[in-house]
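# Structure at a glance
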Amino acid sequence: MFDLRGKIACVTGASSGIGKAVACSLASAGCDLILVARRVDKVDELGGYLKEKYGVKYFAGKLDVRHREEVEKFFKQLPKDFAGIDILINNAGLAKGASPLHTDKIDNWDTMIDTNVKGLLYVSRAVVPGMVERDRGHIINIGSIAGRGTYPGGSVYCATKHAVNAITNGLRKDLTNTSIRVSTVDPAFTETEFSIVRFDGDTERAKKVYEGFQPLVAEDIADAVLFVVTRPSHVTISDMVIYPTAQSDFHLVNRKN
Ligand code: NDP
Ligand code: 8X3
């Protein structure tokens, strides 16, 4: 097993859902953490809790991954103790709306593309050179089953997650002559704040997405990430796709109501 004690892990979008759960599982395995999101109060609170519970060090930062200069500055100015990132979890992401393309709000597309694709690229561009210099590291992108198919009202979100898949596979090839690992973990329905954000705070509509069956929870994805990062260093899990047992495709769900 790959020993995580004392390794530095950076989790984007650690203020909620999957990112928060991944931060908890990495801390439980002994990682020191860089936790970032726009809601810095939440990542700071999480860091304090994990420091208290597991004795790990943390650095919490306010970061909007859509802003290229902000991302570059953030990673250039990391405290010395946190500069050598070993594990990058590119998790920050979102869907906005679920309308057909021909009636959709174009601003939603910008938000999704800027966050899920360009944000992930900016962060990777800031972190991967250091990994190459040290010849060690592991990048895990949180993709989605939306990166492996399409559904009505999801064309742009799906396009962003197809891009994550392409970036994951391309980056792994770019890094062939290094010891760096690149993986993607692709969840299906996972009950987090995801649908609340997607539907602009409409909690009733968000709740309906997960009604009548047992969706995944963020900790299920954190378990998978922990498995991927703790394989021996000669093993790369390239992709892991995770469904709730009651779901077999985007909208093919065994609902009991
Ligand atoms: P949440 O809404 O619970 O969490 C999303 C996280 O992303 C938050 O911490 C949010 O932090 C952060 N984030 C969003 N925009 C930005 C930004 N511009 N800059 C920095 N951080 C940002 O949803 P999930 O935990 O479910 O989503 C995490 C990832 O999992 C996403 O990439 C999503 O696409 C993916 N996913 C989710 C699935 C699901 O069914 N839930 C299924 C498949 C994939 P803040 O708002 O504080 O900035
Ligand atoms: C989220 C999965 O099906 O809600 O990535 O778009 S889905």
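Residues numbered from 1 in each chain as written. Chains lettered and ligands numbered in written order. Predicted model: local features only at pLDDT ≥ 70, side-chain atom pairs only at ≥ 80, totals over all residues. Heavy atoms only, no water.

### What about the packing of aromatic side chains?
So the rule is basically this: Note on aromatic pairs: the rings of Phe, Tyr and Trp (six-membered ring only in Trp) are paired at centre separations within 6.5 Å, and the planes decide the class, stacked below 30 degrees, edge-to-face beyond 60, tilted for the rest. Working definition: helices are DSSP H or I runs of at least four residues, strands are E runs of at least two. Numbering for both runs from the N terminus. Accessible area is worked out with a 1.4 Å probe on protein chains only. A residue is then buried under 20% of its type maximum, exposed over 50%, and partly exposed in between.
Taken as a whole and assessed by the stated rule, the structure comprises seven aromatic pairs. With a centroid separation of 4.9 Å and an interplanar angle of 45°, the aromatic rings of Tyr151 and Phe250 are classed as tilted. One end of the pair, Tyr151, is in the loop between strand 5 (138-142) and helix 5 (155-174); the other, Phe250, is in the loop between strand 10 (247-249) and strand 11 (252-253), with 99 residues separating them in the sequence. The pair Tyr151 / Phe250 is uniform in exposure class, with both members buried. An aromatic cluster is built from Phe59, Phe74, Phe75 and Phe82, whose rings are joined through pairwise contacts.

### Regarding the site of ligand 1
We apply this condition: For each residue, the test is whether any non-hydrogen atom lies within 4 Å of the molecule or strand; if one does, the residue is near. We call two N or O atoms a polar contact when they sit within 3.5 Å, provided that within protein one can donate a hydrogen and the other can accept it, with sequence-adjacent residues counted only if both atoms are side-chain atoms.
Around ligand 1 sit 30 residues in total, of which Ser15, Ser16, Arg38, Tyr157 and Thr192 are the nearest. In the model, an oxygen atom of ligand 1 is placed 2.5 Å from a nitrogen or oxygen of the Ser16 side chain. The separation between an oxygen atom of ligand 1 and a polar side-chain atom of Thr192 is 2.6 Å. Elements with a contribution of two residues or more to the shell around ligand 1: helix 1 (17-28), helix 5 and helix 6 (194-198).

### Remarks on the nonpolar core
This is how it is decided: Among the buried residues, those of types Ala, Val, Leu, Ile, Met, Phe, Trp, Tyr and Cys that are joined through side-chain atoms within 4.5 Å form a nonpolar core. Residues count as neighbours in contact if any of their non-hydrogen atoms are within 4.5 Å of one another.
One finds Leu26, Leu33, Ile89 and Val185 to be the most contacted residues of the largest nonpolar core, which totals 35 residues. Residue assignment for this core shows that the elements contributing at least two residues are strand 1 (8-12), helix 1, strand 2 (32-37), helix 2 (40-54), strand 4 (87-90), strand 5, helix 8 (218-229) and strand 9 (239-242). Here the element with the most residues in this core is helix 8; it accounts for seven residues. Setting aside its immediate chain neighbours within four residues, Leu33 contacts Ala9, Ala23, Leu26, Ala27, Leu50, Lys57, Tyr58, Phe59 and Phe82. Core analysis: the next-biggest nonpolar cluster, separate from the first, contains 22 residues, Ile8, Val123, Leu171 and Leu175 among them.

### Topic: the site of ligand 2
Where we set the bar: Exposure was quantified through the Shrake-Rupley algorithm and a 1.4 Å probe, taking into account, for residues, occlusion by the shown protein chains and nothing else. For this classification, Asp, Glu, Lys and Arg are treated as charged, while Ala, Val, Leu, Ile, Met, Phe, Trp, Tyr, Cys and Pro are nonpolar and the rest, including Gly, are polar.
Surveying the vicinity of ligand 2 reveals the residues Ser144, Tyr151, Tyr157, Phe189, Phe194, Arg198 and Phe250. Here an oxygen atom of ligand 2 and a side-chain polar atom of Tyr151 are 2.5 Å apart. At 2.6 Å, a side-chain N or O of Tyr157 approaches an oxygen atom of ligand 2. In isolation ligand 2 offers 240 Å² of accessible surface; the protein chains occlude 91% of this area. For the shell around ligand 2, the per-class residue count stands at five nonpolar, one polar and one charged.

### Considering the packing of helix 1 against helix 8
Filter applied, for reference: Orientation is described by lines fitted to C-alpha atoms, with helices fitted over the stretch in contact, and by angles between N-to-C directions that extend from 0 to 180 degrees. In these notes the angle categories are as follows: under 35 degrees is roughly parallel, over 145 is roughly antiparallel, 65 to 115 is roughly perpendicular, and the rest is oblique. Crossings are sorted by hand: turned counterclockwise from the far helix by less than a right angle, the near helix makes the crossing left-handed, and turned clockwise it makes it right-handed.
Between helix 1 and helix 8, the shortest axis-to-axis distance is 8 Å and the interhelical angle comes to 50°. Relative to helix 8, the element helix 1 is oriented oblique. Of the two possible hands of crossing, helix 1 and helix 8 adopt the one that is right-handed. Across from Gly17, Ile18, Ala21, Val22, Ser25 and Leu26 in helix 1, the residues of helix 8 making contact are Ala218, Glu219, Ile221, Ala222, Val225, Leu226 and Val229.

### A look at the side chain of Asp86
Mapped onto the secondary structure, Asp86 falls in the loop between helix 3 (68-76) and strand 4. If we ignore the near neighbours within four places in the chain, the residues touching Asp86 are Lys7, Ile8, Met131, Arg136, Gly137 and His138.

### A word on the environment of Lys96
Summarising the element assignment, Lys96 is placed in the loop between strand 4 and helix 4 (106-134). Separated by 100 residues in the primary sequence, Lys96 and Ile196 have C-alpha atoms spaced 9.6 Å apart. A polar contact of 3.1 Å, which involves the side chain of Lys96, links it to the backbone oxygen of Val197. Polar side-chain contacts of Lys96 include one of 2.7 Å to the side chain of Asp200.

### Here's the deal with the sheet that holds strand 1
Hydrogen bonds between backbone groups are what pair the strands of a sheet, and the pairing can be parallel or antiparallel. Here is the rule: What makes two strands pair is DSSP finding at least two bridges between them.
If you walk across this open sheet you meet the seven strands as 3-2-1-4-5-6-9, and the pairing is parallel. The strands lining the two open edges of the sheet, one partner per strand, are strand 3 (58-62) and strand 9. Each neighbouring strand pair of the sheet contributes to a mean axis angle of 15°, computed without reference to strand direction. Bridge count between strand 2 and strand 3: five bridges; the pairing is parallel. Looking at the pairing, Ala37 lines up with Lys62 of strand 3. Packing against the sheet, helix 3 makes contact with strand 1, strand 2 and strand 3, and its axis sits at approximately 160° to strand 3.

### Comments concerning the pairing of strand 9
Two faces belong to every sheet, and in a regular strand the side chains alternate between them. Of the two faces of strand 9, only the one carrying Met240 and Ile242 is buried; Asp239 and Val241 on the other face are not. Looking at chain direction, strand 6 (residues 181-187) and strand 9 are connected through four bridges and run parallel. Of the residues in strand 9, the one forming a bridge with Pro187 is Ile242.

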